[in-house]
Amino acid sequence: MTIAIGNDHAGTAYKKAIVKHLENKGIKVINHGTDHEESVDYPDFIHPVAQSVSEQKVDLGIIICGSGNGAAMTANKHADVRCALCWTKEIVALARAHNDANILSIPARFTSLPQVIEMVDTYLSTQFEGGRHQNRVNKIACQ
């Protein structure tokens, strides 16, 4: 499995912890995020993640910014991206199972690191249910 990850300055510490967690699980991580805490423009680090997911160069994406909103809005501009802004593992599970979310957006300023690690594990272990949800997912993209 390969995951693309991206973050702005608000998500640097969380990104580093997530990368370590994923690599300990044997998951390859492609880092598109900043490694510093100086202010940056989040779209510069989110577009490469979304493009990698859109082009199916990676299996999934994880993005992190202060509120998670700007990152999610940016990612969802890309074709075939279904980015979900989540702040609990329960929301993550529903986003994967019902919406086939392929990018997880994490609000660093509104979650704790242990909570985020649980969210990432849920994201990786939850599969899309398909069935009645597939028709809904098919209607998400604009033509």
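Residues numbered from 1 in each chain as written. Predicted model: local features only at pLDDT ≥ 70, side-chain atom pairs only at ≥ 80, totals over all residues. Heavy atoms only, no water.

For this particular structure, what's the right way to read the overall build of the chain?
Within the chain, the secondary structure is distributed over six helices and five strands. Counting helices and strands in the order they occur from the N terminus, the chain gives β-α-β-α-β-α-β-α-β-α-α. Computed over its C-alpha atoms, the radius of gyration of the chain comes to 14 Å, within 12% of the 15 Å expected for a compact globule of 143 residues. For the chain, buried positions account for 48% of its 143 residues. Here the contacts in the chain between residues at least 6 apart in sequence split such that 69% fall between residues at least 24 apart. (Helix = DSSP H or I, 4+ residues; strand = E, 2+ residues; numbered from the N terminus. Rg over C-alpha atoms; globule rule 2.2 N^0.38 Å. Buried < 20%, exposed > 50% of the residue type's maximum accessible area, 1.4 Å probe, protein only. Contact = heavy atoms within 4.5 Å.)

Which parts of the structure should I look at to understand the packing of helix 4 (residues 89-99) against helix 5 (residues 113-125)?
Pairs of packed helices are described in terms of their axes, by the angle between the two and the distance that separates them. Following both chains from N to C, one finds helix 4 and helix 5 inclined at 20°, their axes separated by 9 Å at the closest point. The angle between the axes of helix 4 and helix 5 places the two elements in the roughly parallel class. Both helix 4 and helix 5 take part in a crossing whose hand is right-handed. Here K89, V92, A93 and R96 of helix 4 lie close against helix 5, whose contacting residues are E118, M119, T122 and Y123. Tallied by class, the residues present in the contact of helix 4 with helix 5 amount to four nonpolar, one polar and three charged. (Axes fitted to C-alpha atoms, helices over the stretch in contact; angles between N-to-C directions. Parallel < 35°, antiparallel > 145°, perpendicular 65-115°, else oblique. Left-handed = near helix turned anticlockwise from the far one by under 90°. Nonpolar A, V, L, I, M, F, W, Y, C, P; charged D, E, K, R; others polar.)

It is not clear to me how helix 1 (residues 12-24) should be interpreted in this structure. Could you clarify?
Between the first and last C-alpha of helix 1 there are 18 Å, a value that for 13 residues agrees with the 18 Å anticipated at 1.5 Å per step. Buried positions along helix 1 lie against strand 1 (2-7), strand 2 (28-31), strand 3 (60-65), strand 5 (103-107) and helix 5. Following helix 1 by one or two positions, G26 has its phi on the positive side, about 80°. (Expected span 1.5 Å × (residues − 1).)

Is there a simple way to think about unusual backbone geometry in this case?
Peptide bonds are trans in most cases, and residues, glycine excluded, mostly fall at negative phi. Even without being glycine, Q56 reaches a positive phi, approximately 55°. Take Q56: it is sitting in the loop between helix 2 (43-54) and strand 3. By relative accessible area, which is 70% here, Q56 ends up exposed. Located in the positive-phi region is D80, a residue other than glycine, with phi close to 65°. Its place among the elements puts D80 in the loop between helix 3 (69-75) and strand 4 (83-85). A relative accessible area of 53% means that D80 is categorised as exposed.

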